Amino acid sequence: QVQLVESGGGFVQAGGSLRLSCAASGRTFSNYRMGWFRQAPGKEREFVAAISFSASNTYYADSVKGRFTISRDNAKNTVYLQMNSLKPEDSAVYYCGATNSRRVTVPYEYDYWGQGTQVTVSS
């Protein structure tokens, strides 16, 4: 199994920045494609960003492209989400996931999930 633990969430004013981390253990980290999703109360879990095995390919939701950056450090078994120019509508619980599927934008293709970290953006 793979265990994932997110950290780095918090409270920030609009226009500010946060960097989320997702630490993995239990399997070879580089064997998995990694993604970030978010979920606000009463809403579906939505795709935010994903990254390939070697970080040669990245994918972003239109709502965050140009503001968020996903990266990974396989030596440290960690994936990151740098979030800049944050908006109130970015407020949600952010989850990282691991998958062997090429369909990285759909949550049901992910085999493992972290517990989530809360991001709250105030205006």
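Presented here is an overview of the structure given in this document. (Residues numbered from 1 in each chain as written. Predicted model: local features only at pLDDT ≥ 70, side-chain atom pairs only at ≥ 80, totals over all residues. Heavy atoms only, no water.)

Looking at the overall build of the protein chain
Moving on, step 1. In terms of regular secondary structure, the protein chain is built from 0 helices and 11 strands.
Moving on, step 2. Each helix and strand of the protein chain, placed in order from N terminus to C terminus, yields the pattern β-β-β-β-β-β-β-β-β-β-β.
Moving on, step 3. Over its C-alpha trace the protein chain gives a radius of gyration of 13 Å, about what one expects of a compact globule, namely 14 Å for 123 residues.
Moving on, step 4. Referenced to the eigenvectors of the C-alpha coordinate spread, the extents of the protein chain come out at roughly 40 × 30 × 25 Å. (Helix = DSSP H or I, 4+ residues; strand = E, 2+ residues; numbered from the N terminus. Rg over C-alpha atoms; globule rule 2.2 N^0.38 Å.)

Structural notes on the sheet that holds strand β1 (residues 3–7)
Each strand in a sheet pairs with its neighbour through backbone hydrogen bonds, running either in the same direction (parallel) or in the opposite one (antiparallel).
Moving on, step 1. Ordered in space as β1-β3-β8-β7, the 4 strands form an open sheet in which the pairing is antiparallel. Looking at strand neighbours, the two that pair on one side only are β1 and β7 (68–73), the edges of this open sheet. Strand-to-strand twist of the sheet, defined as the mean angle between neighbouring strand axes without regard to direction, takes the value 15°.
Moving on, step 2. Relative to strand β8 (residues 78–83), β7 runs antiparallel, the two sharing 6 bridges. From the neighbouring strand, F68 faces β8, where its bridge partner is M83. (Pairing = 2+ DSSP bridges. Axes fitted to C-alpha atoms, helices over the stretch in contact; angles between N-to-C directions.)

A short note on unusual backbone geometry
Moving on, step 1. The residue A55 is not glycine, and still its phi comes out positive at about 70°.
Moving on, step 2. With respect to the helices and strands, the residue A55 is situated in the loop between β5 (46–51) and β6 (58–60).
Moving on, step 3. The class of A55 is partly exposed, set by a relative accessible area of 35%.
Moving on, step 4. One non-glycine residue with positive phi stands out, namely N77, at about 55°.
Moving on, step 5. Residue placement: N77 occurs in the loop between β7 and β8. (Buried < 20%, exposed > 50% of the residue type's maximum accessible area, 1.4 Å probe, protein only.)

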